[in-house]
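Chain by chain, the residues run as shown.
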Amino acid sequence: MATLNPTQFDTQYSDVEFGQSQSPGAMGEEAPPNLFLQLLKRWPWLLLGLAVGLVLGLLYHMQRAPVYQSSAQLLVIKNRPELSTGNLPDSRLQYVEDYVSTQVVLLRSERILELASQKLPEASKFQDPPPTGLAERVDMLRKNFDVIREKEPGSSTFSNTLLVTFKAYHPADAPIYLDAIIRAYQSELSSLYEEASNSQLKRLETEMQNLEESRSKLLLELGDFERKLRGVERDGVVEITGISQEDLPNLRNRVSANRQTDITLELKLIVVRKDIKDIEQTGPTRAERLKMMSQFGLQSERSSIFGGDARDPDSLLAALVFKKSELSARLGAKHPEMVALDNQIAVVQKELQERGGQPDDELERFRKKLKNEEAGLASQLSVLKDQIARDEDKARRMSDL
């Protein structure tokens, strides 16, 4: 058996540690460890950890208490008609009240959950009895109750149907809780509507009493109102001019007709202003202006060097410049073909310059015509609105009388 010399071992260790007898190339730098290879070497431990995790997860899932859910659908119907702005044709002026979202908030409110807690039956009706305290019951209902607004079939538009659900640890308990919440919701709605109806009824009764008391006074004043309305005539001569010699129905018909005219002029003014804006945003090139002219059905009255060529003049100029750059590599600047190209480019540029910028062409004349039409429509609307205001004031005073 060979023996190890301690002195020799110490010397070799010292050389390696301090580099006293090692040549510069004898020991290289140690390569960093490869983590992926290290993991592959320990694959049995990885598989073992994965198996243990799956087993523990399965055991946890099997030991969890099952959760049952009971659901119901509520159809929310409004008890009054939708608000509307009248006969205006613009649908953007109509107001739509989202009353279903309000019912979702009401169902989730503290008030409904408290009422539902009070409406729960005795503990013997439950397989898993609820808490005894009101606050604990409300908290339990809030955690397990949910409301979802359903959508129309085959559409992304929300409907007026609500899906209410409740989760419990026993299948027989979930519908009991859900029924208590629905009954509390119905009770609260009935209470709100009954309170509003009673308040409205009392207000109407008070108004009717006030009207009955003032009836006799109005009868005495009726003659004076008639004189104010029609004026005072004596011997066929009007001594005191009244509010109007015109009948109230005729006045209202004129107001209605003026309103329709006002709407028509407003819509026409919107179209004129849009056309003006489109023209002002048109680019300076002839091609862009010709394209805009075609949209308005305008015919160009100018002759063009391009004749019947339907190509864009800008594109033609770009093609000539490209051709010049292509030929310049093998032809000199004095070559006849290069001189011809320069002349063509100059002519096209001059044509484009004459028809670009701020031209007084057919499109510009059409814009000026639209500006005059815009001013005329604005003036008509101003006069018409003043007439409507005067007639409405007169009709209001006549109606009061």
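Scoring rules and cut-offs
Residues numbered from 1 in each chain as written. Predicted model: local features only at pLDDT ≥ 70, side-chain atom pairs only at ≥ 80, totals over all residues. Heavy atoms only, no water. Helix = DSSP H or I, 4+ residues; strand = E, 2+ residues; numbered from the N terminus. Buried < 20%, exposed > 50% of the residue type's maximum accessible area, 1.4 Å probe, protein only. Contact = heavy atoms within 4.5 Å. Areas by Shrake-Rupley, 256 points an atom, 1.4 Å probe, with all protein chains shown as cover. Phe/Tyr/Trp six-rings, centres within 6.5 Å; stacked < 30°, edge-to-face > 60°. Salt bridge = Lys/Arg side-chain N within 4 Å of Asp/Glu carboxyl O. Polar contact = N/O pair within 3.5 Å; in protein donor to acceptor, adjacent residues only side chain to side chain. Pairing = 2+ DSSP bridges. Axes fitted to C-alpha atoms, helices over the stretch in contact; angles between N-to-C directions. Core = buried A, V, L, I, M, F, W, Y, C linked by side-chain atoms within 4.5 Å. pLDDT = per-residue confidence, 0-100.

## Here we look at the overall build of the protein chain
Scanning the protein chain from N- to C-terminus turns up twelve helices and five strands. For the protein chain, buried positions account for 24% of its 401 residues. Once local pairs closer than 6 in sequence are excluded, the contacts in the protein chain between residues at least 24 apart make up 67%. Carbon and sulfur atoms form 55% of the exposed surface of the protein chain, whose accessible area is close to 29100 Å².

## What to know about the packing of aromatic side chains
Summed over the entire model, instances satisfying the criterion amount to three aromatic pairs. Where Phe 126 meets Tyr 177, the ring centres are 4.9 Å apart and the plane angle is 35 degrees; that geometry is what we call tilted. Remark: Tyr 177 occurs in helix α7 (residues 174-230) and Phe 126 occurs in the loop between α5 (110-119) and α6 (134-144); sequence separation between them is 51 residues. With a relative accessible area of 4%, Tyr 177 lands in the buried category. Their ring planes at 50 degrees and their centres at 5.1 Å tell us that Phe 296 and Phe 366 sit as a pair that is tilted. Residue Phe 296 is located in the loop between α9 (286-295) and α10 (313-327), and its partner Phe 366 is located in helix α12 (residues 362-400); the two are separated by 70 residues in the primary sequence. Classification of Phe 296 by relative accessible area gives partly exposed; the value is 22%. The exposure class assigned to Phe 366 is buried, which follows from its relative accessible area of 18%. Within the aromatic cluster, the residues linked to one another by ring pairs are Phe 126, Phe 166 and Tyr 177.

## Side note on the side chain of Ser 70
Following the sequence through the fold, Ser 70 ends up in strand β1 (residues 68-75). Each residue touching Ser 70, except ones within four places of it in the same chain, is listed here: Val 164, Thr 165, Phe 166, Ala 174, Pro 175 and Leu 178.

## Topic: the pattern of salt bridges
As enumerated under the stated definition, the model contains 18 salt bridges in all. For Arg 142, the salt bridge identified is with Glu 110, shortest N-O distance 2.6 Å. Of this pair, Arg 142 sits in helix α6 while Glu 110 sits in helix α5, and the two are 32 residues apart along the sequence. When the shortest N-O distance is used, the salt bridge between Asp 393 and Arg 396 registers 2.8 Å. Within this pair, Asp 393 and its partner Arg 396 are both found in helix α12, separated by three residues, close to a single helical turn. Residue classification places Asp 393 among the partly exposed positions, given a relative accessible area of 31%. Residues participating in the shared-partner salt-bridge network are Glu 110, Asp 139, Arg 142 and Lys 143.

## So, the environment of Glu 374
Along the chain, Glu 374 turns up in helix α12. Exposure remark for Glu 374: the relative accessible area of 17% places this residue in the buried category. In this structure the C-alpha to C-alpha distance between Glu 374 and Val 272, which are 102 residues apart in sequence, comes to 6.5 Å. Side-chain polar atoms of Glu 374 contact the side chain of Arg 273, separated by 3.0 Å.

## Some remarks on the sheet that holds strand β3 (residues 158-168)
Spatially, β1-β3-β2 is the arrangement adopted by the three strands of the open sheet, whose pairing is antiparallel. Looking at which strands have only one partner, the edges of the open sheet turn out to be β1 and β2 (145-151). The average angle at which neighbouring strand axes cross in this sheet is 25 degrees, direction not considered. Two strands pair when backbone bridges link them, and β2 and β3 are joined in this way by six bridges, in the antiparallel orientation. Looking at the pairing, Lys 151 lines up with Phe 158 of β3.

## Some thoughts on the nonpolar core
Across soluble globular proteins, you tend to see nonpolar side chains buried next to one another. In terms of nonpolar packing, the biggest core is built from 31 residues, with Leu 141, Phe 145, Leu 162, Val 164 and Phe 166 touching the most fellow members. Those elements giving two or more residues to this core turn out to be α4 (99-107), α5, α6, β2, β3 and α7. A per-element tally of this core places α7 first, with nine residues. Here Leu 162 is in contact with Ala 72, Gln 73, Leu 74, Val 76, Val 100, Gln 103, Val 104, Leu 107, Val 147, Ile 148 and Arg 149, once residues within four sequence places are set aside. Formed by 14 residues, the second largest nonpolar core is a distinct cluster that contains Ile 279, Met 292, Leu 363 and Leu 384.

## Some points on the confidence of the model for the protein chain
Confidence along the protein chain averages 76 in pLDDT terms, with 74% of residues attaining 70 or more. Note that pLDDT drops below 50 for residues 1-26; the model gives that stretch nine contacts with residues more than four away or on any other chain. Confidence over residues 303-310 falls short of pLDDT 50; this stretch has eleven contacts with residues more than four positions distant or in other chains.

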